[in-house]
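Listed below are the residues making up each chain.
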Amino acid sequence: MLEELRKQVLEANLELVRAGLVLYTFGNASGISRADGLVAIKPSGVPYEGMRPEDLVVTDLEGRTVEGSLRPSSDLATHLVLYRSFPAIGGVVHTHSRFATAWAQARRPIPCLGTTHADYFRGPVPVTSALDAREIESAYEANTGEVIARRFAGTDPMEVPAVLVAGHGPFCWGASAAEAAHNAVILEYVAEMSYYSVTLAEAAEELDPAHLDKHFLRKHGAAAYYGQK
Ligand SMILES: [Zn+2]
């Protein structure tokens, strides 16, 4: 079932390892088939090395396993809330990559200080509010998705395809699992650069809005002209 999606999701998970974003079994990537209403996600606690497409777990949008003998990633419920809340996304990635997590732990949004950031994120990468005791106590993973969805109320998640969960780490998304993994790699890169920028100049100025939009829209706008047709 969903052989192509399984392959894509496996590849997205392996990309996180190749890019140095995950240690051991940390991190998880998933992808959705909107036509089938089914999600393929990394199994929980299984080493990346030797992982096969058939090891991925296929669930419905309520989290019921439809295919697969392994347990899904413990963060499945967060991914599902994001798929239900953001209809345009096709893939979700979560890591504890070092610099993005440092910003999440500092509870500081990553400011847009340069065009590398603006090419991918149309503004600062936001931080969620902290989960309260009740949200942590029960349905913790689903509530993590809910604080993300609340943070994006009134915002197009495709314009800023990443968030920092306060005291936790980044979640990223995209049109596909591959794009979500790519955005996670770029997020870590801009998180590192912004860290150095504010270290060198504490009051580093954010990119001028016109400059930010120029870079974001030439790549992602209706009249995008970056790259090949
Ligand atoms: Zn985590």
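Residues numbered from 1 in each chain as written. Predicted model: local features only at pLDDT ≥ 70, side-chain atom pairs only at ≥ 80, totals over all residues. Heavy atoms only, no water.

Which parts of the structure should I look at to understand the overall build of the protein chain?
A count of helices and strands for the protein chain gives 8 helices and 7 strands. For a compact globule of 229 residues, the expected C-alpha radius of gyration is about 17 Å, and the protein chain comes in at 17 Å, within 12% of that figure. Taken over the C-alpha atoms alone, the protein chain extends approximately 50 × 50 × 35 Å along its principal axes. For the protein chain, with 229 residues in total, the buried portion stands at 48%. Partitioning the contacts of the protein chain with sequence separation of at least 6, the portion at a separation of at least 24 is 63%. Surface summary for the protein chain: the accessible area is close to 11300 Å², and the carbon and sulfur share equals 52%. Between the centroid of the 20 positive side chains of the protein chain and the centroid of its 28 negative side chains there is a distance of 1 Å. (Helix = DSSP H or I, 4+ residues; strand = E, 2+ residues; numbered from the N terminus. Rg over C-alpha atoms; globule rule 2.2 N^0.38 Å. Buried < 20%, exposed > 50% of the residue type's maximum accessible area, 1.4 Å probe, protein only. Contact = heavy atoms within 4.5 Å. Areas by Shrake-Rupley, 256 points an atom, 1.4 Å probe, with all protein chains shown as cover. Lys, Arg positive; Asp, Glu negative; His and termini not counted. Charge placed at Lys NZ, Arg CZ, Asp CG, Glu CD.)

Please clarify how the packing of helix H2 (residues 76-85) against helix H6 (residues 140-151) should be interpreted in this entry.
For any two helices packed against each other, the geometry comes down to the angle between their axes and how far apart the axes lie. It is at 7 Å that the axes of H2 and H6 come closest, and there the two elements cross at 35 degrees. Between H2 and H6 lies a crossing whose hand is right-handed. Every residue of H6 that contacts H2 at Ala77, Thr78, Val81, Leu82 and Ser85 is listed here: Glu141, Ala142, Thr144, Gly145, Glu146, Ile148 and Ala149. (Axes fitted to C-alpha atoms, helices over the stretch in contact; angles between N-to-C directions. Left-handed = near helix turned anticlockwise from the far one by under 90°.)

Would you explain the side chain of Asn143 in this entry?
Looking at where Asn143 falls in the secondary structure, it is placed in helix H6. We classify Asn143 as buried; its relative accessible area is 15%. Of note is the side chain of Asn143, whose polar atom sits 2.9 Å from the backbone oxygen of Ser138. If we skip the residues at most four places from it in the chain, Asn143 touches Leu131, Arg134, Glu135 and Ser138. (Polar contact = N/O pair within 3.5 Å; in protein donor to acceptor, adjacent residues only side chain to side chain.)

What is the right way to read the pattern of salt bridges from this model?
Between side chains of opposite charge, pairing is possible as soon as their charged atoms come close. For the structure shown, the criterion picks out 10 salt bridges. Notably, a salt bridge pairs Asp213 with Arg122, separated by 2.8 Å at the nearest N-O pair. Placement of the pair is Asp213 in helix H8 (residues 209-220) and Arg122 in the loop between helix H4 (115-118) and helix H5 (133-137), with a sequence separation of 91 residues. Classification of Asp213 as partly exposed rests on a relative accessible area of 28%. What makes Arg122 partly exposed here is its relative accessible area of 27%. (Salt bridge = Lys/Arg side-chain N within 4 Å of Asp/Glu carboxyl O.)

What should I look at first to understand the side chain of Asn183 in this one?
Residue position: Asn183 is located in helix H7 (residues 177-200). With residues up to four places along the chain from it excluded, the contact list for Asn183 reads Tyr120, Phe121, Pro161, Cys172, Trp173 and Gly174.

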